[in-house]
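Okay, here's what each chain looks like letter by letter:
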Amino acid sequence: MKCSYNRLLDHAMSCTALLFAPFRLDLDNEELWRDTDRVSIRPKTFAVLRYLARHPQRLITKQELLEHVWPGVSVDEELLRGYIRELRRLLGDTATSSRFIETVTRRGYRFLPDVVEDAPAEEQQPCEPAGGGACHVRSPVAVGILHSLTGMMARTETPVVDATLLAIEEINQDGGIQGRPIRPIVVDGQSDEAAFAREAEHLITTGRVAALFGCWTSACRKAVRPIVEQHDHLLLYPVQYEGLEQSPNIVYTGAAPNQQIVPALRWAFGFLHARRFFLVGWDSISSCAAHEIMRDEIAALGGEIVGEARLAPDGTDVPRTVRRVSASRADLVINSTVGDLNVLYSHVLRAAGVTPEKTPTLYLSVGEIELLSLSNGETNGDYAAWNYFQSLDRPENRAFVDRFRTRYGPQRVIGDPMEASYIGVHVWAQAAREADADDIPSVRRAMQHQTFQAPEGSVRIDAENQHTWKTMRLGRITGGGQLETIWSSETAIRPEPFPASRSRAEWQQLLADCYERWGRHWTKPRAYLRTS
């Protein structure tokens, strides 16, 4: 028999800590831990956090907080605001995009995460399930969430963590994995491929996680791949990418090239009548490979590449690239840059007078999250190719958006990789329920026949290549930073990670050449930016 997650927690004898990923509030020692690192926190700041965490997801008025943390003492509200600001700094939170502490204007605060009360295993008690039988509190299933919370990719990746945690909370509320709650461990990849590899190793060997959910850039995924393969582990990767990869230890829930890049080019050729293309990417393996895929497809269509640029991660060559785009007389710019580079590039592009009316852009890595950092005037009328848009008029999507906004706030938006990560957690949970969550090879095998009624539509994992069957959509950017679907494949497309325009051996040689040329890195190192 299976106990609900909340019931399992209710039967803990005592509470020694409060868990809210990636933090642990040690009540006995009055310490705050972020995964395995202790966070320096002042005693009174700890007291404020402890009270908020003991009353998650409800309004805590300023007066209530003052009375319980400073009983019998007259304290000015400005002092309380100072402690809240300090807590947000320690938690990596902001008032404008809150993940932990939400300000309720003129009233108080709300602590947003689900909080798990942690008790020593020997003090846990069995629960009595309905219908008889035995049901015991079982150890949680730890999973790793590995994304960039700092660096150039933080603005893009942090929301994916929120969507991943939402899926975990939903599964826990439904009884977890065979009665075991999922315990997420959130780790910062720091927008650096070496950090991603290091943290993946740590999560597997020290964190003893049952699965990894994460990575955005292909450079970081490729840095993590040998780690999960060496340990015969499992990574669920949620981002559209350039393909040219297939690993028995990775399940890909984002789009393969034939589910995004190739149909997007064919749409541009047929519907926009584009013939002259300018390719803008960045100095990483993703754009290096994607440009070659586009080169083959554009040649097959009878088009022409009139310019190509790959931006340095520090953005120093953005002005020069924009001048080239402006002078190119291209019919369409294909943009595969990521993260903060897109913000800088788009600002400079519009300042130079390159508008959608003159030279539209088709984005491969800009969605609703990135559009928050760009004004309507900078993006309206451009296009984006994805599998999911927040604006999709489907009952499953409307319910998903409502649940996400109820959890994180009505101002939040959802992009494709967030939904793909949400899918990944649910299909993994389905497989883990069929198999044994701790038997990772069995879970991987069980994943190969999973289907899921996702917000974007019905998806399924391809048993041969472990990519996901997905519907492709082309959207026009509209006011308010949303995307209006103007074309769709209508049905799910079977994923093909290796385009047929070259042999698999030729594609693999292309990847090897880029890797060796950049000193055995998947993104061109800073030392190479001025020498190659």
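What you are looking at is a predicted structure, and each value in this text was computed from that prediction instead of being measured. (Residues numbered from 1 in each chain as written. Predicted model: local features only at pLDDT ≥ 70, side-chain atom pairs only at ≥ 80, totals over all residues. Heavy atoms only, no water.)

Chemist: Teacher, can you tell me more about the state of the cysteines here?
Modeler: Defined simply, a disulfide is a covalent bond joining two cysteines at their sulfur atoms. Scanning all chains against the criterion turns up one disulfide. Bridging Cys288 to Cys514, the disulfide has an S-S length of 2.3 Å. Of this pair, Cys288 sits in helix α9 (residues 285-301) while Cys514 sits in helix α17 (residues 504-517), placing them 226 residues apart in sequence. Exposure class is identical for Cys288 and Cys514. Each is buried. (Disulfide = S-S within 2.5 Å. Helix = DSSP H or I, 4+ residues; strand = E, 2+ residues; numbered from the N terminus. Buried < 20%, exposed > 50% of the residue type's maximum accessible area, 1.4 Å probe, protein only.)

Chemist: In this structure, what is going on with the sheet that holds strand β19 (residues 451-454)? I would like to understand it.
Modeler: Within a sheet, adjacent strands bond to each other through the backbone by hydrogen bonds, running parallel or antiparallel. The strand order β19-β20-β21 describes an open sheet built from three strands, whose pairing is antiparallel. The outermost strands of the open sheet, each flanked by one partner alone, are β19 and β21 (468-469). Pairing analysis gives two bridges linking strand β20 (residues 457-461) to β21, with the strands arranged antiparallel. Paired with Ile461 across the strands is Thr468, a residue of β21. Along the sheet, helix α15 (residues 416-434) makes contact with β19 and β20, crossing β19 at roughly 140°. (Pairing = 2+ DSSP bridges. Contact = heavy atoms within 4.5 Å. Axes fitted to C-alpha atoms, helices over the stretch in contact; angles between N-to-C directions.)

Chemist: Please clarify how the confidence of the model for the protein should be interpreted in this entry.
Modeler: The predicted coordinates ought not to be read in detail in places where the model reports low pLDDT. Residues at a pLDDT of 70 or more form 91% of the protein, whose mean pLDDT is 88. Predicted confidence for residues 1-14 stays below pLDDT 50, and this span has 42 contacts to residues more than four positions away or in other chains. Counting contacts from residues 120-137, a segment whose pLDDT is below 50, to residues more than four positions away or on other chains yields 32 contacts. (pLDDT = per-residue confidence, 0-100.)

Chemist: Help me understand the nonpolar core, please; the structure alone is not making it clear to me.
Modeler: Proteins that are soluble and globular tend to have nonpolar side chains buried together. Of all hydrophobic cores here, the largest spans 101 residues; its most connected members are Ile177, Leu234, Leu236, Tyr345, Trp428 and Met447. Ranked by residues supplied to this core, first place goes to α15 with nine residues. Look past the residues within four positions of Ile177 in its chain and what remains in contact with it is Val141, Ile171, Ile182, Trp428, Ala429, Ala432, Arg433 and Ala437. In terms of nonpolar packing, the next biggest core, distinct from the first, is built from 34 residues, Phe277, Ile285, Ile298 and Leu474 among them. (Core = buried A, V, L, I, M, F, W, Y, C linked by side-chain atoms within 4.5 Å.)

Chemist: Would you mind showing me how to read the sheet that holds strand β15 (residues 304-311) here?
Modeler: The strand order across the open sheet built from seven strands is β15-β14-β16-β17-β18-β22-β23, with neighbouring strands paired in mixed fashion. The open sheet is flanked by β15 and β23 (483-488), the only strands paired with a single partner. Averaged over all pairs of adjacent strands, the angle between strand axes in this sheet comes to 25°, irrespective of strand direction. For strand β14 (residues 276-282) and strand β16 (residues 332-335), the ladder comprises four bridges, and the chain directions are parallel. Bridge pairing in β16 places Leu279 opposite Ile334.

Chemist: Explain the environment of Glu484 to me, please; I cannot follow it from the model alone.
Modeler: Locating Glu484 in the fold gives a position in strand β23. Using a relative accessible area of 40% as the deciding quantity, one classes Glu484 as partly exposed. In this structure the C-alpha to C-alpha distance between Glu484 and Leu52, which are 432 residues apart in sequence, comes to 40 Å. Residue contacts for Glu484: discarding those within four places in its chain leaves Ser391, Leu474, Gly475, Arg476 and Thr478.

Chemist: Hey, could you run me through the pattern of salt bridges in this one?
Modeler: Oppositely charged side chains can form a pair if their charged atoms are brought close together. Tallied over the full model, the rule gives 34 salt bridges. Put simply, Arg225 and Glu229 hold a salt bridge, and the shortest N to O gap is 2.8 Å. Here Glu229 and Arg225 lie together in helix α7 (residues 218-230), a separation of four residues that amounts to about one turn. Exposure remark for Arg225: the relative accessible area of 23% places this residue in the partly exposed category. (Salt bridge = Lys/Arg side-chain N within 4 Å of Asp/Glu carboxyl O.)

Chemist: I tried to follow the packing of helix α3 (residues 62-69) against helix α4 (residues 77-91) on my own but got confused; where do I start?
Modeler: It is the contact of α3 with α4, at a shortest axis distance of 11 Å, that shows an interaxial angle of 85°. What the angle tells us is that α3 and α4 run roughly perpendicular. Every residue of α4 that contacts α3 at Lys62, Leu65 and Leu66 is listed here: Glu77, Leu80 and Arg81. Residues of the contact of α3 with α4, tallied by class, amount to three nonpolar, no polar and three charged. (Parallel < 35°, antiparallel > 145°, perpendicular 65-115°, else oblique. Nonpolar A, V, L, I, M, F, W, Y, C, P; charged D, E, K, R; others polar.)

Chemist: Sorry if this is basic, but what is going on with the packing of aromatic side chains here?
Modeler: The geometry of an aromatic ring pair is captured by two quantities: the separation of the ring centres and the angle between the planes. A complete count under the given rule lists 15 aromatic pairs for this structure. With a centroid separation of 5.0 Å and an interplanar angle of 90°, the aromatic rings of Phe20 and Phe111 are classed as edge-to-face. Taken together, the residues span a long stretch of sequence, with Phe20 in strand β1 (residues 17-20) and Phe111 in strand β7 (residues 108-111) at a distance of 91 residues. The two residues Phe20 and Phe111 agree in class, both being buried. Pairing Phe213 with Trp428 gives two aromatic rings, centres 5.7 Å apart and planes at 85°, and the pair type is edge-to-face. With Phe213 in strand β11 (residues 212-214) and Trp428 in helix α15, this residue pair connects regions lying 215 residues apart in the sequence. By relative accessible area, which is 2% here, Phe213 ends up buried. Above the plane of the ring of Trp469 lies Arg460, whose end atom (NZ or CZ) is 3.6 Å from the centre. (Phe/Tyr/Trp six-rings, centres within 6.5 Å; stacked < 30°, edge-to-face > 60°. Lys NZ or Arg CZ within 6 Å of the ring centre and 35° of its normal.)

Chemist: Is there a simple way to explain the pairing of β14 in this structure?
Modeler: Side-chain positions along a regular strand alternate between the two faces of the sheet. β14 sits mainly inside the fold: six of its seven residues count as buried. Here β14 runs beside β15; their pairing, made up of seven bridges, is parallel. When the sheet's bridge partners are listed, Phe277 is paired in β15 with Ile305.

Chemist: Would you mind going over the side chain of Glu199 with me for this structure?
Modeler: Topologically, Glu199 is positioned in helix α6 (residues 193-205). At 4.6 Å, Arg198 is the nearest oppositely charged side chain to Glu199, a buried residue that forms no salt bridge. Among all residues touching Glu199, those that are not within four sequence positions of it are Leu146, Val187, Asp188 and Gln190. (Lys, Arg positive; Asp, Glu negative; His and termini not counted.)

Chemist: It is not clear to me how helix α11 (residues 339-351) should be interpreted in this structure. Could you clarify?
Modeler: What sets the pattern is the α-helix's 3.6 residues per turn: residues three or four places apart point alike. For α11, the complete set of buried residues consists of Gly339, Leu341, Asn342, Val343, Tyr345, Ser346, Leu349 and Arg350. One or two residues past the end of α11 sits Gly353, with phi positive at roughly 85°.

Chemist: Help me out: how do you make sense of unusual backbone geometry in this one?
Modeler: Phi is mostly negative for residues that are not glycine, and the peptide bonds are mostly trans. Here Ala21 and Pro22 are connected by a cis peptide whose omega angle stands at 0°. For Pro22, the position within the fold is in the loop between β1 and β2 (23-26). Within the chain, His273 stands out as a residue other than glycine whose phi angle is a positive 60°. Note that His273 resides in the loop between α8 (261-271) and β14. His273 gets classed as exposed once you look at its relative accessible area, which sits at 56%.

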